[in-house]
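Descriptive analysis of the structure
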Amino acid sequence: MAELLSPAGNPEKLRAAIRFGADAVYFAGKSFGMRSAADNFTVEEIYESAEFVHSKNKKLYLTVNTLPRPDEYPMLERFLSEIAGAGLDGFIVADPGVMMCIRKIIKDGEIHMSTQAGIVSHESCNFWYSQGVKRVVLAREMSFEDIKRIRENIPADMEIECFIHGSMCVSFSGRCLLSENLIGRDANRGMCAQPCRWNYNFYEISEEKRPDIRYPVEENHLGTFIMSSRDMCMIEHIPELMRSGISSFKIEGRMKSAYYTAVTTNAYRMAIDAFERDPQGYKYDGRLMAELEGVSHREYCTGYYFDRPGNEANLTTLNGYIRDKAYLAVLKHYDKDTGIATFIQRNKCCVGDKCELLTPGMFGRGFEILSMTDKDGASIESAPHPFMEFKVKLPFEGKEGDILRAGG
């Protein structure tokens with residue numbers, strides 16, 4: 001059975017991922033992860049999260065996939081020593097020096113080679129296997145045909161992990177210097193400012209020694225999107241994924257919201273489970289895409305599973321993100337006798353709002369808020385304050401951790 005691997009940018013997102021069906025989560029400490037702008041985890045939170053995840057019989061992988069400079073290794077060793085007792089299930093690395101450091105401090109630490117390592121062949125996989133690497137995260141530029149060939153030529157117990165959903169990088173497997181060049185923030189050390197997403201004003205590019213080969217840059221009133229990639233979405237291709245030999249399906253998005261984590265994890269969980277129940281009779285349900293259209297994203301594509309980068313650049317045509325449905329609240333307690341749910345507010349909601357309740361393993365269920373009370377039972381017309389508790393009567397059963405969102 002393939003693993004569903006979800007992003008966790010902080011403890012709230014980690015719990016959302018586990019609650020909505022992830023088999024494993026990946027996260028980072030305050031340093032040495034490729035998403036330094038995410039909240040990330042303190043040492044204490046790493047221990048607490050490991051205990052929680054393992055209590056649910058799930059797995060937890062730490063990303064240590066930046067490229068540290070020589071003077072950063074003492075800090076890396078201190079960090080690894082501090083979290084050595086957490087019992088983490090794997091370490092995602094991109095640098096052999098980091099791998100050696102983990103081997104020295106956490107001798108039984110399972111190593112996963114990051115997509116930053118740019119692995120595109122079975123020869124490369126076999127080399128890393130000879131070095132004790134358990135899993136490889138293949139470059140995002142690989143097709144199903146490439147993956148099949150690799151799977152056939154590596155040891156049976158070596159695992160393949162691939163991204164199936166989320167943001168992509170215009171640079172090969174994230175190896176980009178644009179951010180560092182423009183504003184001094186090194187993308188290979190977790191500080192990418194995403195300048196590929198910025199708007200540029202120019203019309204045509206040609207290389208100095210090839211002036212006859214011109215690359216047109218189409219522009220509208222918003223600018224041009226020559227370097228801005230679409231987001232990957234493989235929800236319509238679960239059978240191909242399940243038969244591909246991929247061991248772990250990875251969702252990108254540690255900097256996205258807990259709502260994003262919950263919705264994407266839930267959609268792929270439902271699709272994977274449906275396929276596993278009946279592989280021959282599996283039928284794609286269009287409501288899955290409707291769920292994924294309801295989270296913050298750029299235009300969707302299927303990455304390079306079917307197209308080569310030289311044939312399809314997968315660049316966006318729209319400016320900015322397609323925004324998600326409003327994330328209104330999280331269900332704290334449900335009283336089965338009265339049908340009344342206590343929620344913790346995330347965004348303002350009011351009497352008369354049409355909403356949906358998202359429960360693990362289910363599509364959003366719609367209803368209208370007919371009345372609301374505060375936590376003491378006094379009638380109110382809205383819940384305007386962040387993290388305030390309010391109560392609503394539901395027309396169906398709810399569960400702790402369910403998400404209340406704006407309806408369609």
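Refer to the structure printed above.
Described below are features of the structure shown in this document. (Residues numbered from 1 in each chain as written. Predicted model: local features only at pLDDT ≥ 70, side-chain atom pairs only at ≥ 80, totals over all residues. Heavy atoms only, no water.)

What about the overall build of the chain?
- Secondary structure summary: the chain contains 10 helices and 22 strands in total.
- Look at the contacts in the chain between residues 6 or more apart in sequence, and 68% of them connect residues 24 or more apart.
- Total accessible area on the chain is roughly 18800 Å²; 51% of this is exposed by carbon and sulfur atoms. (Helix = DSSP H or I, 4+ residues; strand = E, 2+ residues; numbered from the N terminus. Contact = heavy atoms within 4.5 Å. Areas by Shrake-Rupley, 256 points an atom, 1.4 Å probe, with all protein chains shown as cover.)

Structural notes on the packing of helix α1 (residues 11-19) against helix α9 (residues 258-277)
- For the pair α1 and α9, the least separation of the axes is 8 Å and the interaxial angle reads 15°. Considering the angle they form, α1 stands roughly parallel to α9. Remark: the crossing between α1 and α9 carries right-handed chirality. Here E12, K13, A16 and A17 of α1 lie close against α9, whose contacting residues are A258, T261, A262 and T265. (Axes fitted to C-alpha atoms, helices over the stretch in contact; angles between N-to-C directions. Parallel < 35°, antiparallel > 145°, perpendicular 65-115°, else oblique. Left-handed = near helix turned anticlockwise from the far one by under 90°.)

Quick word on helix α2 (residues 43-55)
- If you check α2, its first and last C-alpha atoms are 19 Å apart, about what 13 residues at 1.5 Å a residue would give, namely 18 Å.
- Regarding α2, the residues found buried are I46, S49, A50, F52 and V53.
- Buried positions along α2 lie against α1, β2 (24-27), β3 (59-64) and α3 (73-83).
- Two residues or fewer after α2 comes N57, characterised by a positive phi angle close to 60°. (Expected span 1.5 Å × (residues − 1). Buried < 20%, exposed > 50% of the residue type's maximum accessible area, 1.4 Å probe, protein only.)

Describing the pattern of salt bridges
- Taken as a whole and judged by the stated rule, the model has 16 salt bridges.
- Ionic pairing is found between D146 and R149, a salt bridge with its closest N-O pair at 3.8 Å. Note that D146 and R149 are positioned in helix α6 (residues 144-152) at a spacing of 3 residues, about one turn of the helix.
- Each of the salt bridges in this network shares a partner with another, and the network as a whole consists of E3, R135, E159, E161 and K250. (Salt bridge = Lys/Arg side-chain N within 4 Å of Asp/Glu carboxyl O.)

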